[in-house]
Amino acid sequence: MTGPDSPRTGPERVPAPDPHRGGVARTRPGPELTRRRALQVGGLGLLGVTVGAPAWARGPVGGLRTLAAESLREPETLHSEDGLLRVRLEVAETSVTLAGRPAHMLTYNGTVPGPTLRLRPGDRLQIELVNRLSAPTNLHTHGLHVSPKGNADNTLDVHVHPGESFRYDIQLPDDHPPGPFWYHPHEHHLVADQIWSGLYGGIVVEDAGPEVPVTRDRLLVVSDTTLDDAGHPVHVAEWERVKGREGQLVLVNGQLTPTLEARPGERERWRIVNACTSRFLRLRLDGHQMDLLATDIGRLAEPRRVEEVEVLNSGRVDVLVTVGERSGELQGLANPRTRDRDGDGPSGAPGALATLQVTGTPVPALPPVPAYPQLPDLRGVEPAARRTMVLGLDWSGGGHEDHGDGHGTGGMVMTIDGRPFDPARTDQVTRLGTVEEWTYVNRTGMDHPLHLHVWPMQLVAVDGRPVEDVVYQDVVRVPAGGETTVRIPFEDFDGRTVFHCHINDHEDAGMMAVVEARNG
Ligand code: C2O
Ligand code: CU
Ligand code: CU
């Protein structure tokens, strides 16, 4: 470990799975031939070629509903007490049940997703991360407005090597906005493989103001992966990394189309996290009313009625669902993310993700949702700087070549301003206490979900079209061949951190850069 404060308190090293696959499971000995075939089938399945595929993998992603429907399970929830949440997260390969079948995943404390961390503004979050993998890992608290330095949300300097552990200590400001957040590894070149293999968990920051009256609170962590015959996450080919891998299994809390039971008239609060490595979601719940409360860190002043919600990968939404009379399905619609928006390419429709089963007698209506303070509209502020950042890709070589380590992109390198990520280089320097306007320009044929750590972004314009509402997100779509403009309040925390494409394969291939907010 090379953390700034390196308590080498880690347990003894556990026998290695496969050091070359970012910890992607491989400890179970098995007939290698079968295994190879399974890997190939997994890859072909994504192309829609299903010849020879095992029965469970046949048909479209949504076509697996013949399995008995299970009630939605939620991961264990850990609450802060008296302003402190202290947790130990052990990262290990574990045999779990995923999508109703045995799987060998990477887990936090043995479950997929990992435990949910529930915090209040002003809380202190202490996490001891214990690495029992054969590959390095680390932890990022995605979306939290916290320090990127020292033992806090420091993805640049902290690397937890096999058998070691690290103590994170993260202080939320007293006025931290509420919302759904999540945690996941951020070890460069391994992020996509580790998330694909099961490493993610939810974080909820509660409202500071008056409670939103609801009958039920749920956290839905959507993720995707593809498993081989033996239940291992498949190894992903270079061309899939170039596009951004998408899994055949689209899961909610690790389950395939789970059932959520509710009575007519109930008002539920669903915090939805898109933990897929690449897949963009667009969700619809016909027959029930959906009101959007927040996107990412951006709590709206008033709930806004919506017909459908978009959740880019790594993004979150907080929605109120008012249950209608009849059962319905939470449908995943196509949300194409390539220039060719025919719906057949990446982020096609995954189909039903969950069933809302309506039973019992209707409940009386709840009191209205109290208004929440409006987040500041930065369009009234003159930016201290305007910057343009160009997202590109480069086939001319020199990229992270696949030296048989299984996570290259065949010499293709993804760049910001023509350069692949270099953790030692500081690409942008901003001044703490100022607002800047950044325009991300996309010179590629795919959309890229651009994410900035620590400081939220107010979405100002997409392809030159102004955004009317006050919308804050920590991940924004930068359309293929287009551009997206945001304003960023570089407030409260100084230090170095990153912004990057959150298609994790692109991030691993270099589409990431360093920003430093300097004090003074
Ligand atoms: Cu969700 Cu830099 O990550
Ligand atoms: Cu992040
Ligand atoms: Cu990208």
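Residues numbered from 1 in each chain as written. Chains lettered and ligands numbered in written order. Predicted model: local features only at pLDDT ≥ 70, side-chain atom pairs only at ≥ 80, totals over all residues. Heavy atoms only, no water.

Asks: Is there a simple way to think about the overall build of the chain in this case?
Replies: A count of helices and strands for the chain gives 4 helices and 32 strands. Each of the 520 residues in the chain was classed as buried or not, and the buried ones make up 62%. Put simply, of all contacts in the chain between residues at least 6 apart along the chain, 78% involve residues at least 24 apart. In the form shown here, the chain has an accessible surface area of approximately 19100 Å², with 50% of it arising from carbon and sulfur atoms. (Helix = DSSP H or I, 4+ residues; strand = E, 2+ residues; numbered from the N terminus. Buried < 20%, exposed > 50% of the residue type's maximum accessible area, 1.4 Å probe, protein only. Contact = heavy atoms within 4.5 Å. Areas by Shrake-Rupley, 256 points an atom, 1.4 Å probe, with all protein chains shown as cover.)

Asks: What is the right way to look at the sheet that holds strand 1 (residues 77–79) in this model?
Replies: Pairing between the strands of a sheet is mediated by backbone hydrogen bonds and can be parallel or antiparallel. On the basis of which strands lie adjacent, the open sheet formed by 5 strands has the order 1-4-9-8-6 and mixed pairing. The open sheet has two edge strands with one neighbour each: strand 1 and strand 6 (140–142). Sheet twist, expressed as the average angle between the axes of neighbouring strands with direction ignored, equals 25 degrees. Relative to strand 9 (residues 201–205), strand 4 (residues 114–119) is paired through 4 bridges, and the arrangement is parallel. By the bridge assignment for strand 9, Leu119 is matched with Val205. (Pairing = 2+ DSSP bridges. Axes fitted to C-alpha atoms, helices over the stretch in contact; angles between N-to-C directions.)

Asks: Where do I start with the coordination of the copper ion (ligand 3) in this structure?
Replies: Around a metal, the ideal angle is 109.5 degrees if four donors adopt a tetrahedral arrangement and 90 or 180 degrees if six donors adopt an octahedral arrangement. Only His448 (ND1), Cys501 (SG) and His506 (ND1) from the protein coordinate the copper ion (ligand 3), and they sit 2.0 to 2.1 Å from it. All donor residues of the copper ion (ligand 3) come from one chain, and their arrangement in sequence is H-x52-C-x4-H. (Donors = N, O, S within 2.8 Å, 3.2 Å for Na, K, Ca; no water.)

Asks: What exactly am I supposed to notice about the coordination of the copper ion (ligand 2) here?
Replies: Summarising the metal site, the copper ion (ligand 2) is bound by the protein donors His140 (NE2) and His451 (NE2), whose distances to it range over 1.8 to 1.9 Å. One end of the pair, His140, is in strand 6; the other, His451, is in strand 25 (residues 448–452), with 311 residues separating them in the sequence. Residue classification places His140 among the buried residues on the basis of a relative accessible area of 0%. Taking relative accessible area as the criterion, His451 reaches 0% and is therefore assigned buried.

Asks: Would you explain the pairing of strand 10 (residues 216–225) in this entry?
Replies: Every regular strand shows the same layout, with side chains that alternate between the two sheet faces. Counting buried positions along strand 10 gives 8 out of 10 residues, so the element sits mostly inside the fold. Judged from the 7 bridges that link them, strand 10 and strand 13 (residues 267–274) form a sheet pairing that is parallel. Its bridge partner being in strand 13, Leu219 is matched across the sheet by Arg271. In terms of strand pairing, strand 10 meets strand 11 (residues 249–252) through 4 bridges, oriented antiparallel. Residue pairing for strand 11: Ser223 is matched across the bridge by Leu251.

Asks: Could you clarify how one ought to interpret the sheet that holds strand 5 (residues 124–131) in this entry?
Replies: Strands sit in the order 3-2-5-7 across an open sheet of 4 strands; the sheet is mixed. Of all strands in the sheet, those with a lone pairing partner are strand 3 (101–108) and strand 7 (165–171), marking the two edges. Neighbour-to-neighbour, the strand axes of the sheet open up by a mean angle of 25 degrees, direction not taken into account. The sheet contact formed by strand 5 and strand 7 spans 7 bridges and is antiparallel. The residue of strand 7 that forms the bridge with Gln126 is Asp169.

Asks: Could you clarify how one ought to interpret the nonpolar core in this entry?
Replies: With 33 residues, the main nonpolar core has Leu89, Tyr108, Leu117, Ile127, Leu129, Leu139 and Tyr168 as its most contacted residues. The set of elements that each furnish at least two residues to this core consists of strand 2 (84–98), strand 3, strand 4, strand 5, strand 7, strand 8 (179–184) and strand 9. With 4 residues, strand 2 is the largest single contributor of residues to this core. Counting residues in each nonpolar core, the second largest holds 32 residues, with Met389, Val454, Val462 and Ala513 among its members. (Core = buried A, V, L, I, M, F, W, Y, C linked by side-chain atoms within 4.5 Å.)

Asks: What should I look at first to understand the side chain of His453 in this one?
Replies: Along the chain, His453 turns up in the loop between strand 25 and strand 26 (457–462). Reaching out from His453, the side chain makes a polar contact with the side chain of His186 at a distance of 3.1 Å. Those residues in contact with His453 that lie beyond four places of it in its chain are His140, Thr155, His186, Thr497, Val498 and His500. (Polar contact = N/O pair within 3.5 Å; in protein donor to acceptor, adjacent residues only side chain to side chain.)

Asks: I'm lost on the pattern of salt bridges in this one. Help?
Replies: Think of it this way: side chains of opposite charge can pair up when their charged atoms draw near. Under the counting rule described, the total for this entry stands at 41 salt bridges. Taking the shortest distance from any N to any O, the salt bridge between Arg88 and Glu128 comes out at 3.7 Å. Of this pair, Arg88 sits in strand 2 while Glu128 sits in strand 5, and the two are 40 residues apart along the sequence. Its relative accessible area of 40% is what places Arg88 among the partly exposed residues. Classification of Glu128 as buried rests on a relative accessible area of 16%. The residue Arg245 makes a salt bridge to Asp505 at a minimum N-O spacing of 2.9 Å. Taken as a pair, Arg245 in the loop between helix 3 (238–243) and strand 11 and Asp505 in helix 4 (residues 504–508) lie far apart in primary sequence, 260 residues in all. (Salt bridge = Lys/Arg side-chain N within 4 Å of Asp/Glu carboxyl O.)

Asks: Got a minute to help me understand a negative patch on the surface in this structure?
Replies: Residues Asp174, Asp175, Glu491 and Asp492 make up a contiguous surface patch of negative charge. You can see Glu491 is positioned in the loop between strand 30 (483–490) and strand 31 (495–501). According to the relative accessible area criterion, Glu491 is partly exposed, its value standing at 39%. (Patch = residues over 30% accessible without salt bridge, like charges linked within 9 Å, V, L, I, M, F, W, Y side chains within 5 Å. Lys, Arg positive; Asp, Glu negative; His and termini not counted. Charge placed at Lys NZ, Arg CZ, Asp CG, Glu CD.)

Asks: Explain the environment of Gly328 to me, please; I cannot follow it from the model alone.
Replies: Secondary-structure assignment places Gly328 in strand 19 (residues 328–332). Classification of Gly328 as buried rests on a relative accessible area of 12%. Each C-alpha atom of the pair Gly328 and His288 lies 7.8 Å from the other, and the pair is 40 residues apart in sequence. Contact partners of Gly328, with chain neighbours within four places excluded, come to His288, Ala354, Thr355 and Leu356.

Asks: What's the story with the environment of Ala354 in this structure? I'm lost.
Replies: Its location among the elements puts Ala354 in strand 20 (residues 351–358). Exposure remark for Ala354: the relative accessible area of 3% places this residue in the buried category. Each C-alpha atom of the pair Ala354 and Leu285 lies 9.7 Å from the other, and the pair is 69 residues apart in sequence.

Asks: Please explain the environment of Leu292 as it appears in this structure.
Replies: As for its placement among the helices and strands, Leu292 is situated in strand 15 (residues 289–295). As for Leu292 and Glu302, which are separated by 10 residues in sequence, their C-alpha atoms are 8.6 Å apart.

Just geometry here; none of it tells us what the structure is for.
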